[in-house]
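What the coordinates show
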Amino acid sequence: FYWGLCCIMAGFLDQGLVTGTIVYFVLGLVASAFTATCVAKETKNMSKGEAVKLSLILVWLAVVCMWLFWAWTYMHQMVPLIAPIHKKIVW
């Protein structure tokens with residue numbers, strides 16, 4: 001088993017990234033159920049079905065954007081681009 005291959009493969013399949021993805025997916029499902037049943041109402045300009053479709057689009061767009069921001073932040077911390085440079089201060 002080649003150690004370098006293991007480190008490369010662990011990028012997108014990192015346990016924290018997978019767990020966070022599952023959490024965001026469950027959040028999206030809960031928010032979808034909540035908006036479809038409690039938030040979407042029929043108005044004179046929009047039917048109940050159209051309101052549900054619009055609310056689902058908005059919920060999933062928000063969940064995907066939040067997940068992307070979280071995933072980028074999480075992966076950036078996995079492999080930082082800038083390493084700290086420690087300088088010895090002489091007084």
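Residues numbered from 1 in each chain as written. Predicted model: local features only at pLDDT ≥ 70, side-chain atom pairs only at ≥ 80, totals over all residues. Heavy atoms only, no water.

1. Some remarks on the packing of aromatic side chains
Centre-to-centre distance and the angle between the planes together describe a pair of aromatic rings. For the record, the criterion: Whether two aromatic rings pair depends on their centres lying within 6.5 Å, for rings of Phe, Tyr and Trp, where Trp uses its six-membered ring; planes under 30 degrees apart make the pair stacked, over 60 edge-to-face, and the rest tilted. Each helix corresponds to a stretch of at least 4 residues labelled H or I by DSSP, and each strand to a stretch of at least 2 residues labelled E; elements are numbered beginning at the N terminus.
Under the defined criterion, the tally for this structure stands at 3 aromatic pairs. Their ring planes at 40° and their centres at 5.8 Å tell us that Tyr-24 and Trp-70 sit as a pair that is tilted. Of the two residues, Tyr-24 sits in helix α2 (residues 15-39) while Trp-70 sits in helix α3 (residues 48-78), which places them 46 residues apart along the sequence. In textbook terms, an aromatic cluster arises when at least three aromatic residues are bridged by ring pairs, as seen for Tyr-24, Trp-70 and Tyr-74.

2. Details of the side chain of Ser-55
Counted only if it meets this: Think of a polar contact as two N or O atoms within 3.5 Å of one another; within protein, one of them needs to be a possible hydrogen donor and the other a possible acceptor, and neighboring residues in sequence only count if both atoms come from side chains. Contact criterion: two residues are considered in contact whenever any of their non-hydrogen atoms come within 4.5 Å of each other.
Relative to the assigned elements, Ser-55 resides in helix α3. In terms of polar contacts, Ser-55 uses its side chain to reach the backbone carbonyl oxygen of Val-52, at 2.8 Å. Look past the residues within four positions of Ser-55 in its chain and what remains in contact with it is Thr-35 and Ala-40.

3. Details of the side chain of Ser-32
As for its position among the elements, Ser-32 is in helix α2. Setting aside chain neighbours within four positions, we find Ser-32 in contact with Leu-56, Val-59 and Trp-60.

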